[in-house]
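Now for the letters of each chain:
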Amino acid sequence: MGLSAGLGGGGLLPGLVLVSSTTVGSAQSSVPVNNCFTAAYLNYHVVWTGGYGSSNGTSLRLTVSGATGSTYRYGGYYTDYAAGTISGAGASGMAYWLVGEISDTAVTASFDIFNPQVSGAYTQFAGWTTGHQYARTMHGHETSTASSTGFTLAPGSGTMTGGTIRVYGYRN
């Protein structure tokens, strides 16, 4: 008897299912990830590894398709490795979510997006990034309640290069 048969009579196990993989090109001012949110999954996990920014300490911004204007709110904290300090950050009425920081040597970003394709519901995110000098943990929501089919990652200034952005759906 296989594991899935023992847990649900042969059905699919809960877990993460890869739904999209996007390679980040060289010196990109933004990277769209289109058509990754569908009715198949309610919530998603996003990971960007193997990339870097054109400068150290540049913000990493996230927007979802369908949301326009100043409808984003976020908050969280960041740690400066060298100084050993923790500082807070937050804002509302923004045109993006601040997801974290991009390093000029390496970056890892990992975050969840909740309800993006559900019209009438707030889209929310929670996650973290880590790079050469900073680690940031952030969360927020988007107030337009518009349905989204994808998202865009972009540096606050400069460019981002390399790595892969993978999107996974949470299977219940």
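Each remark here, short or long, concerns the structure printed above.
Here the structure is a predicted model, which is why all the values come from computation and not from measurement.

Describe the pairing of strand β11 (residues 151–155), naming the residues involved and giving the relevant values.
The buried count for β11 comes to four of five residues, which makes it a mostly enclosed element. The sheet contact formed by strand β2 (residues 31–33) and β11 spans three bridges and is antiparallel. Bridge pairing in β11 links Val33 to Phe151. Bridging between strand β4 (residues 58–64) and β11 involves five bridges; their strand directions are antiparallel. Paired with Leu62 across the two strands is Leu153, which belongs to β11.

Just give me the short version of unusual backbone geometry, but keep the residues and values in it.
In this model, Ala27 sits at a positive phi of 55 degrees, which is unusual for a non-glycine residue. Following the sequence through the fold, Ala27 ends up in the loop between β1 (15–23) and β2. In this structure, Asn35 is a non-glycine residue whose phi angle is positive, near 55 degrees. Residue classification places Asn35 among the exposed residues on the basis of a relative accessible area of 63%.

Tell me what's going on with the nonpolar core, and back it up with residues and numbers.
If you look at the biggest cluster of nonpolar residues, it comprises 32 residues, and the most contacted ones within it are Trp48, Leu62, Trp97, Phe111, Phe151, Leu153 and Ile165. Elements represented by at least two residues in this core include exactly β2, β3 (43–53), β4, β5 (72–80), β7 (97–102), β8 (107–114), β11 and β13 (164–171). In this structure, Leu62 is in contact with Tyr72, Tyr96, Trp97, Val99, Phe111, Ile113, Phe151, Thr152 and Leu153, ignoring residues within four places of it in sequence.

Describe the sheet that holds β2, listing the residues and the values that go with them.
Strand order in this open sheet of four strands is β2-β11-β4-β7, and the pairing throughout is antiparallel. Unpaired on one side and paired on the other, β2 and β7 mark the two borders of the sheet. Within this sheet the neighbouring strands show an average axis-to-axis angle of 25 degrees, counted without direction. Inspection of the sheet shows β4 paired to β7 by five bridges, in the antiparallel sense. Paired with Leu60 across the two strands is Gly100, which belongs to β7.

Definitions and limits used
Residues numbered from 1 in each chain as written. Predicted model: local features only at pLDDT ≥ 70, side-chain atom pairs only at ≥ 80, totals over all residues. Heavy atoms only, no water. Buried < 20%, exposed > 50% of the residue type's maximum accessible area, 1.4 Å probe, protein only. Helix = DSSP H or I, 4+ residues; strand = E, 2+ residues; numbered from the N terminus. Pairing = 2+ DSSP bridges. Core = buried A, V, L, I, M, F, W, Y, C linked by side-chain atoms within 4.5 Å. Contact = heavy atoms within 4.5 Å. Axes fitted to C-alpha atoms, helices over the stretch in contact; angles between N-to-C directions.

Functional significance is not addressed by these values, which are geometric in nature.
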